[in-house]
Amino acid sequence: MRSGGRTLFLAFAVLLGAGGLVILAYFHFFPQALGRYPVPENRVFIFPGVEGPREPTVVPTRTLATWRSYDRGGPSRLAILLTDTTSAWLGLAHGLKSIGVPFRMTTDSREALRHRVVLVYPLISGKVLSAEPLRALAAVPRNGGTLIGVNVLGGGLEEVFGFQEAVPSRRHAVLTFTDAVQSLLRLSDPLELSLRLSDSTRKDRALGLYGYTHPRFPPLATYEDGTAAITQRSYGRGQAYALGIDPGALVLQAYNDREEWIARSYVNGYEPSVDVILRLLKQLYLAGEPDGVVLGTVPEGKSLMVSLTHDLDFTRSMVNALEYARYERQQGISGTYFVQTKYVRDYNDDDVFTRRRVGVLRTLDSLGMELASHTVAHAKPFNNFLLGTGRERYPDYRPYVMDHNTAYNGSILGELRVSKFLVERFS
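Residues numbered from 1 in each chain as written. Predicted model: local features only at pLDDT ≥ 70, side-chain atom pairs only at ≥ 80, totals over all residues. Heavy atoms only, no water.

1. Brief notes about the overall build of the chain
Looking only at helices and strands, the chain has 10 helices and 19 strands in total. Counting only C-alpha atoms and orienting by the principal axes, one finds that the chain spans roughly 80 × 75 × 40 Å. Across the 427 residues that make up the chain, the buried fraction comes to 46%. Long-range pairs, those at least 24 residues apart, make up 71% of the contacts in the chain between residues at least 6 apart in sequence. Total accessible area computed for the chain in this model is approximately 22600 Å², and 52% of it derives from carbon and sulfur atoms. Across the chain, the mean location of the 48 positive side-chain charges is 3 Å away from that of the 42 negative side-chain charges. (Helix = DSSP H or I, 4+ residues; strand = E, 2+ residues; numbered from the N terminus. Buried < 20%, exposed > 50% of the residue type's maximum accessible area, 1.4 Å probe, protein only. Contact = heavy atoms within 4.5 Å. Areas by Shrake-Rupley, 256 points an atom, 1.4 Å probe, with all protein chains shown as cover. Lys, Arg positive; Asp, Glu negative; His and termini not counted. Charge placed at Lys NZ, Arg CZ, Asp CG, Glu CD.)

2. A few points about the confidence of the model for the chain
Mean pLDDT over the chain stands at 88; residues scoring 70 or higher make up 91%. A low-confidence stretch, residues 1–34 stays under pLDDT 50, and its non-local contacts, those more than four residues away or across chains, total 61 contacts. (pLDDT = per-residue confidence, 0-100.)

3. Concerning the packing of aromatic side chains
As enumerated under the stated definition, the model contains 12 aromatic pairs in all. Judged by centre distance (4.5 Å) and plane angle (15°), the ring pair of Y37 and Y400 falls under stacked. Remark: Y400 occurs in strand β18 (residues 400–403) and Y37 occurs in the loop between β3 (20–31) and β4 (78–82); sequence separation between them is 363 residues. Members of the aromatic cluster, each reached through a chain of ring pairs, are F45, F47, Y343, F353, Y394 and F426. Stacked on the ring of F426, the Lys or Arg R425 has its end atom at 5.1 Å from the ring centre. (Phe/Tyr/Trp six-rings, centres within 6.5 Å; stacked < 30°, edge-to-face > 60°. Lys NZ or Arg CZ within 6 Å of the ring centre and 35° of its normal.)

4. Some words on the packing of helix α1 (residues 89–99) against helix α7 (residues 273–288)
One can describe the packing of α1 onto α7 by two numbers: an axis separation of 10 Å at closest approach and a directional angle of 75°. With respect to α7, the axis of α1 lies roughly perpendicular. Residue-level contacts link L92, G95, L96, S98 and I99 of α1 to D275, L278, R279, L281 and K282 of α7. Of the residues assigned to the contact of α1 with α7, the class counts are 5 nonpolar, 2 polar and 3 charged. (Axes fitted to C-alpha atoms, helices over the stretch in contact; angles between N-to-C directions. Parallel < 35°, antiparallel > 145°, perpendicular 65-115°, else oblique. Nonpolar A, V, L, I, M, F, W, Y, C, P; charged D, E, K, R; others polar.)

5. Some words on the layout of surface pockets
The calculated volume of the second largest pocket comes to roughly 320 Å³. Looking at the lining of the second largest pocket, the elements with two or more residues in it are α3 (131–142), β14 (238–243) and α7. Ranked by residues supplied to the lining of the second largest pocket, first place goes to α7 with 3 residues. Among the residues making up the lining of the second largest pocket, the classes are represented as 7 nonpolar, 7 polar and 2 charged. (1 Å grid on protein atoms, 1.4 Å probe; cavity = no way out; pocket = protein on both sides within 12 Å on 5 of 7 lines; lining within 4 Å. Points joined across faces, edges and corners; volume = space filled by probe spheres on them.)

6. What to know about the sheet that holds strand β16 (residues 336–339)
Picture the strands of a sheet paired through backbone hydrogen bonds; they go either parallel or antiparallel. Spatially, β15-β16-β17 is the arrangement adopted by the 3 strands of the open sheet, whose pairing is parallel. Bordering the open sheet on either side are β15 (309–312) and β17 (370–373), each of which pairs with just one other strand. With direction set aside, neighbouring strand axes in the sheet form an average angle of 25°. Strand direction decides the pairing type here: β15 and β16, joined by 4 bridges, are parallel. When the bridges of β16 are listed, H310 appears paired with Y337. Against the sheet, helix α8 (residues 315–330) touches β15 and β16, its axis set at about 160° to β15. (Pairing = 2+ DSSP bridges.)

7. Considering the pattern of salt bridges
Inspection of the entire model under this criterion finds 17 salt bridges. Among the salt bridges present, the one from E111 reaches R104, with a minimum N-O distance of 3.0 Å. A residue is classified by how much of its surface remains accessible, and R104, at 9% relative accessible area, is buried. Residues R417 and E392 are paired through a salt bridge, measuring 4.0 Å at the closest nitrogen-oxygen approach. Here the residue R417 occupies a position in helix α10 (residues 412–425), and E392 occupies one in the loop between β17 and β18, the gap between them amounting to 25 residues. On the accessibility criterion, R417 (7% relative accessible area) is buried. (Salt bridge = Lys/Arg side-chain N within 4 Å of Asp/Glu carboxyl O.)

Written out as structure tokens, the structure is:
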């Protein structure tokens, strides 16, 4: 049902209790991004004779990602033994690919044990692994291999990893690396040495983490209360490490842009939390696999890669961008400019993408900057937009932001198609 441009959802719960049949109705008004709003013509800037894109967007059939896509490769790869296929394994896969680590995922412990370095994810306990694979995993470090356990909750492997007990907590907020990590991973920046992982002051922002008590060897990292966040135990050539954080979930949180309570700055700051965890996993793999080969993640001959990105999402930023671009050009570097192609005046701002602004776009292009899309409406409730038809075109597509929480006429494909068309048309 629609009411005043909003969608009215009615949910019915049918309960069978002692008093007979009871029907509960739940009403919820929710701003719907595809609700229609007639935008006055004097609020729309139109480039004469410009229409498009003409070709429709064909959306492929949705297919779920499967861990089986990563079940391949030789024994020199990092083996990931999945103990829960409903976990955040996809985040772990994306993270390892980004850092250049070759890996293989499997649910078969016998296959995993063909590798010298085995990462058990997302947990180790007697509930997810039977006695035989637990005994085999315990033998990995004793036989000279490397065993990495995420959330080691039981299964009798506490002694293997060198701690007494795994204690769950939602009060940990900061992970701090100790001097012991420096032999594996050189960390010098204070922001790398101390990572914010959670916001323990708010229940909705507190992550469930595990701390390991009474470690027998100096831990690689600790929480605020001194309990170990990452343990280590040496068996000569063999090594065992236990992580009290879920690296896959951490990567997904960052990749899905839900880092608000972890990042120490919104923009213009260095936030290495995910990167440091991935770099550590990379070093554990290389230290334990003599035939390990990783992909280079920076240009040849360089030790670091920096991507400079700029969001042009309000009127003044279109002008300010020229100063940044000219300076970057003087330094012999280029940046990526994400351009909002806003041509409707609404709650957010004036029409940013006008004839005068197009000149800015062309200047950025001539300076060698990369141009990319930053949507049309830049609407806060974008997560409520429906997919759309794939036939949205300029200038008929007119998303309108009513207020901070409400937007009309918008769709995901409309934001993507029309913004891409305009950026390419005028650059």
